[in-house]
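Remarks on the overall topology
Spelled out, the chains give:
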Amino acid sequence: MKFLSYTHFTELPPRYDSFFERQQQISLYLTRYWFENLIDTSFATNDRCRIFVVEDDKSCQALLMLVAREPACQNGSVYAEWNLKKGSLASLTNFQSSYYAPLTADLSEADLAAACRCLAHGITVEFKSYYFIDLNLMDPQSQIYESLAVAFEAEGFRTHRYFYKGNWFENINALTFADYLSSRNKSSQKALKNFQRKLRKFTKEDHMSVTIMTGDDNLPKVLDAYRVIYDLSWKEPDFYPKFAEGLLVACAQQKSLRFCLVSVDGKPAALEFAVVCGSKAIMIRTAYVGDFQKFSVGSIAILTMIEHLINVDHVRSIDFGVDDDAYKEIWVQNRRERWGLTFFRLDGLNGRLVMLKLGFRKLDHWLRNIVKSFVKRKPSP
């Protein structure tokens, strides 16, 4: 195995094309167009992309790829306030990501461990200035999570593992949308049937229309509707205002876009933006105009989208993103954890400062939990 590094996707050789095709069947968050849109729409002037690749010696095919950004501590990171600059590296994620991992070929456990060792050794030898590496939103139960920790520790890095965010999802075992509805608990069924009733009523009265748009043929209409609805919605302006529209365009070009538009009396009222990769769907964004809230337009958009994803796209899982918003439990019933891996070196002042900061962070977290436990404790009778 050999280690290579690049600074942009345009530098990658065509022989990696099949490698990226594999990623499109695994997750949106591992696709080339996801990463490229992040770079194009969310990088500051001094941000830089780093792509580290482990290749097979004989075939020169990619076995493992770590897509990262420097410096670390990007917006949304648990280290956002640390203001680290030179010598820091982070996974290429943002506020919309619900998953991250190095991209891999179909490798055995032994080959994956060997590729991680090659990656860690290459970064350590060829990029000696890196003293801080943060890889967040990973699956803590995955083989690569543990393999990376072992590999970087062997190169002299210390490892800090931490819980990052919760991710709500549903594995779809239903063959039809009706089966999905019947599998909900009683309270969810009641809410969903109410949304269905409103949709039938308002559609019958010609007050409401609902459309699912895919591909790039409808892209101008999709972008216009998105801008109108989002600008009139309750949501705060995006930290990176070009990101969502860039993703809409990229997904439309890849034929992975699913866009539900709800109109009331001919006016754009609500949207649901989802992406399909292989047998998986990710609900990217819901937004609605406040004036139409009484029609439950946001919930109707989600309802219509899920019906399409199950009955038309036949997806096997639906991802509702990160954070523990109460409304998600109506639609999906499972929650998994996304964790981070932080690597830091102690052979310099910067690495030792990181260790101290991590120590204070753990202490602060412990003290906060102690205070919460006293506040919640009920007095004895």
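Here the structure is shown first, and the text comes after it.
Presented here is a report on the structure given in the accompanying data block. (Residues numbered from 1 in each chain as written. Predicted model: local features only at pLDDT ≥ 70, side-chain atom pairs only at ≥ 80, totals over all residues. Heavy atoms only, no water.)

Here we look at the overall build of the protein
Summing up its helical and strand segments, the protein has 11 helices and 13 strands in all. Here the C-alpha atoms of the protein give a radius of gyration of 23 Å, agreeing with the 21 Å that 2.2 N^0.38 yields for 381 residues. Based on the C-alpha atoms only, the size of the protein along its principal axes is roughly 70 × 70 × 40 Å. Here the protein holds 381 residues, and the buried ones make up 52% of them. Carbon and sulfur atoms make up 51% of the accessible area of the protein, which totals about 18500 Å². One finds the centroid of the 49 positive side-chain charges in the protein at a distance of 6 Å from the centroid of its 44 negative side-chain charges. (Helix = DSSP H or I, 4+ residues; strand = E, 2+ residues; numbered from the N terminus. Rg over C-alpha atoms; globule rule 2.2 N^0.38 Å. Buried < 20%, exposed > 50% of the residue type's maximum accessible area, 1.4 Å probe, protein only. Areas by Shrake-Rupley, 256 points an atom, 1.4 Å probe, with all protein chains shown as cover. Lys, Arg positive; Asp, Glu negative; His and termini not counted. Charge placed at Lys NZ, Arg CZ, Asp CG, Glu CD.)

Looking at the environment of Asn37
Tracing the backbone through its elements, the reader meets Asn37 in helix 2 (residues 32–42). What makes Asn37 buried here is its relative accessible area of 6%. With 206 residues separating them along the chain, Asn37 and Phe243 place their C-alpha atoms 6.9 Å apart. The residues contacting Asn37, other than those within four sequence positions of it, are Ser42, Phe243, Gly246 and Leu247. (Contact = heavy atoms within 4.5 Å.)

Points about the packing of aromatic side chains
For the coordinates displayed, the defined rule picks out 26 aromatic pairs. With centroids separated by 4.4 Å and ring planes inclined at 15 degrees, the aromatic side chains of Phe152 and Phe343 adopt a geometry described as stacked. Residue Phe152 is located in helix 4 (residues 143–154), and its partner Phe343 is located in strand 13 (residues 334–344); the two are separated by 191 residues in the primary sequence. Each member of the pair Phe152 and Phe343 is classed as buried. Measuring from centroid to centroid gives 6.1 Å for Tyr162 and Tyr164, while their planes differ by 75 degrees, and the two rings are edge-to-face. Tyr164 shares its class with Tyr162; the two are buried. The rings of Tyr79, Trp82, Phe132, Tyr162 and Tyr164 are connected pair by pair, giving a single aromatic cluster. In this arrangement the basic side chain of Arg32 is found over the ring face of Phe20, its NZ or CZ atom lying 5.5 Å from the centre. Lys165 extends its terminal NZ or CZ atom over the ring of Tyr164, reaching a point 5.1 Å from the ring centre. (Phe/Tyr/Trp six-rings, centres within 6.5 Å; stacked < 30°, edge-to-face > 60°. Lys NZ or Arg CZ within 6 Å of the ring centre and 35° of its normal.)

A short note on the packing of helix 7 (residues 219–232) against helix 8 (residues 243–253)
The contact between helix 7 and helix 8 brings their axes to 11 Å, and the two run at 155 degrees. Of the possible angle classes, the one that applies to helix 7 and helix 8 is roughly antiparallel. Viewed along their axes, helix 7 and helix 8 form a crossing whose handedness is right-handed. Contact residues: Leu219, Val222, Leu223, Tyr226 and Arg227 in helix 7; Ala244, Glu245, Leu248, Val249 and Ala252 in helix 8. Looking at the contact of helix 7 with helix 8 residue by residue, the classes come out as eight nonpolar, no polar and two charged. (Axes fitted to C-alpha atoms, helices over the stretch in contact; angles between N-to-C directions. Parallel < 35°, antiparallel > 145°, perpendicular 65-115°, else oblique. Left-handed = near helix turned anticlockwise from the far one by under 90°. Nonpolar A, V, L, I, M, F, W, Y, C, P; charged D, E, K, R; others polar.)

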